[in-house]
Amino acid sequence: MSPKALDYDSLNENVKKVQYAVRGELYLRASELQKEGKKIIFTNVGNPHALGQRPLTFPRQVVALCQAPFFLDDPNVGLIFPADAIARAKHYLSLTSGGLGAYSDSRGLPGIRKEVAEFIERRDGYPSDPELIFLTDGASKGVMQILNTVIRGQQDGILVPVPQYPLYSAAISLFGGSLVPYYLEETANWGLDVHNLRESVAQARSKGITVRAMVIINPGNPTGQCLSVANLKEILRFCYQENLVLLGDEVYQQNIYQDERPFISARKVLLDMGPPISKELQLVSFHTVSKGYWGECGQRGGYFEMTNIPPQTVDEIYKVASISLSPNVPGQIFLGLMVNPPKPGDISYEQFVRESKGILESLRKRARIMTDGFNSCRNVVCNFTEGAMYSFPQIRLPPKAIEAAKRAGKVPDVFYCLKLLEATGISTVPGSGFGQKDGVFHLRTTILPAEEDMPAIMASFKKFNDEFMEQYED
Ligand SMILES: Cc1ncc(COP(=O)(O)O)c(CN[C@@H]2CONC2=O)c1O
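The residue count restarts for each chain, going from 1 along the sequence in the order it is written. In keeping with the model being predicted, local features are shown solely for residues with a pLDDT of at least 70 and side-chain atom pairs are shown and tallied solely at 80 or more, while totals for entire chains, interfaces and linings include all residues. As a rule here, side-chain values cover all heavy atoms of the structure and leave hydrogens and water aside.

Chemist: Sorry if this is basic, but what is going on with the pairing of strand S8 (residues 302-307) here?
Modeler: Along a regular strand, successive side chains alternate from one face of the sheet to the other. To sort residues, take the accessible area from a 1.4 Å probe on protein chains only and compare it with the maximum for the residue type: under 20% means buried, over 50% means exposed, and anything in between is partly exposed. Helical segments are the DSSP runs of H or I of at least four residues, strand segments are the runs of E of at least two, and each set is numbered from the N terminus. Taking burial as the measure, the six residues of S8 include six buried ones, the bulk of the element. Residue alternation in S8 divides its side chains into two sets, Gly302, Phe304 and Met306 and Tyr303, Glu305 and Thr307, and both sets are buried. Inspection of the sheet shows strand S2 (residues 133-136) paired to S8 by four bridges, in the antiparallel sense. Looking at S8, one finds that threonine 136 is bridged to glycine 302. When DSSP finds two or more bridges between a pair of strands, those strands are recorded as paired. Pairing of strand S7 (residues 283-288) with S8 involves six bridges; the strand directions are antiparallel. Within S8, the residue paired with threonine 288 across the bridge is glycine 302.

This is the structure:
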């Protein structure tokens, strides 16, 4: 009998090749232990509300009213909801074609795409065209759609930073392209050296690969570095010289924990450079409501903005977006609220600023606590988390530990993270899930555990780590 279509052996080979470590072996083992009653601290996913972060009040008030418009007809609605939330809910409902249950345009509601364009204009100081902004079910879907549009086959390469967020390696595998790694310099605080870029491209071309696009993640995941203007200019010039599309993943643009390198968008730097590059280099930028001080991961609100992309290509991307009919409408409203939050003078402004500032200040403190905690441990070194939501310490495993891992049939950092999980309940992602230089090992954790829990978590980590090193050191 020939295999059935959904038998494992007859599946699409690209599907079987895909790896996604953020919810890989460690996550599955942690879920098993949790079922057995062990207390698990899931720091593997940048999922703020799952670790206790409270949602911002104003957006939830607006979306609640949008989801249940009958409250708007209740004479007492003003006793529970502030007037600006009521007004915003009515505004968003007026943009839909029948409320949140109706499909929107496949690119998203025009009124919200306009809000995104106005946000970008305020942020960058250059006009932005709503027609070149598509709303998506989270940034992931936008990234996958653009990669699917660019990759024609195995010979097409995408330059991806290593360590990288495995959405990129997984999507490139799924769409049958080739990942072309460029290594970030850990000793230079995960800086990016254009010389490494040139080497990677030359190597790929020598294997017959056509490098088509370059991904930057700024601030970085898992590495947390923030790119300087000079670095961004080098990257833009490099892409222009090598005829590459630049994919600017900027989902952590609100998550900045130092003052030396504030966030500046690739688009602003590009437009500041002026012609010819500003008129010719193709750029797609991504953002989301999942990160920042919003952390609304489950709402699935994202967008991508296209710069210097030909109208015919935009039409093709629109055509493919139409297959999925409509991005989810609540997620679109969250996005509109993120890019157009309460303004000074609005009733909800003070509360919004208090809540958002509080979250960001706490994240900044936790980034410092975690970095210092790791650096106080034996054989652990950790760059400071300049941005994003993660800490990515290097774990210098003694040879005996590497041998023990081999005997256990595990990659060394998986072996270490499994031991850490069993001993402390701290669920992390091994550095091998993000890519790293040979013989160098890391783990990724988020900086999201509650501030008051952080010292105990770091103490528990230190106890485990120092005992582990004691056990395996010569
Ligand atoms: C760099 C980067 N881009 C895109 C996404 C996708 O975001 P959406 O929720 O908008 O699709 C993530 C999510 N970060 C994952 C999720 O949690 N931990 C991570 O590393 C990310 O880290």
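Chemist: What is the right way to look at the site of the ligand in this model?
Modeler: Any residue with a heavy atom positioned within 4 Å of a molecule or strand is treated as near that molecule or strand. For the ligand, the set of nearby residues contains 17 residues, the closest of which are Ala139, Ser140, Asp249, Tyr252 and Thr288. In protein, a polar contact requires one atom able to donate a hydrogen and another able to accept it; more generally it is a pair of N or O atoms within 3.5 Å, and residues adjacent in sequence count only if both atoms are side-chain atoms. Interatomic distance of 2.5 Å between a side-chain N/O atom of serine 140 and an oxygen atom of the ligand. With respect to the ligand, the side chain of arginine 300 contributes an N or O atom lying 2.8 Å from an oxygen atom. All accessible-area figures derive from a Shrake-Rupley calculation using a 1.4 Å probe, and residue coverage is judged against the displayed protein chains alone. If the ligand stood free it would expose 500 Å²; the protein chains cover 95% of that surface. Broken down by element, the shell around the ligand gets its largest block of residues, three residues, from helix H7 (residues 138-150).

Chemist: Is there a simple way to explain the sheet that holds strand S14 (residues 443-446) in this structure?
Modeler: Two modes of strand pairing occur in sheets, parallel and antiparallel, and in both the strands are linked by backbone hydrogen bonds. Reading across the sheet, the three strands line up as S10-S14-S13 and stay open at both edges, with antiparallel pairing between neighbours. Single-partner strands in this sheet number two, and they are strand S10 (390-391) and strand S13 (429-430). As defined by bridge partners, S13 adjoins S14 across two bridges and the pair is classed as antiparallel. When the sheet's bridge partners are listed, valine 429 is paired in S14 with arginine 444.

Chemist: Help me understand the nonpolar core in this model?
Modeler: Proteins that are soluble and globular tend to have nonpolar side chains buried together. Nonpolar cores are built from buried Ala, Val, Leu, Ile, Met, Phe, Trp, Tyr and Cys residues. Side-chain atoms within 4.5 Å join them into one set. Membership of the largest hydrophobic core comes to 141 residues, with the highest contact counts inside it found for Leu159, Met214 and Tyr416. A per-element tally of this core places helix H18 (residues 454-472) first, with eight residues.

Chemist: How should I be thinking about the pattern of salt bridges in this particular structure?
Modeler: When the charged atoms of two side chains with opposite charge come close together, those side chains can pair. Salt bridges are defined by distance alone: a side-chain nitrogen of Lys or Arg within 4 Å of a carboxyl oxygen of Asp or Glu. Inspection of every chain in the model, using the stated rule, returns 30 salt bridges. One salt bridge connects glutamate 25 with lysine 410, and the closest N-O pair in it is separated by 2.4 Å. Within this pair, whereas glutamate 25 is found in helix H2 (residues 25-35), its partner lysine 410 is found in the loop between helix H16 (399-407) and helix H17 (412-424), the two being separated by 385 residues in sequence. Linking arginine 88 and glutamate 115 is a salt bridge whose minimum nitrogen-to-oxygen distance equals 3.5 Å. Of this pair, arginine 88 sits in helix H5 (residues 83-95) while glutamate 115 sits in helix H6 (residues 110-124), placing them 27 residues apart in sequence. Each member of the pair arginine 88 and glutamate 115 is classed as buried. Through salt bridges with shared partners, a single network forms among Arg29, Glu32, Glu36 and Glu422.

By themselves these figures say nothing about function.
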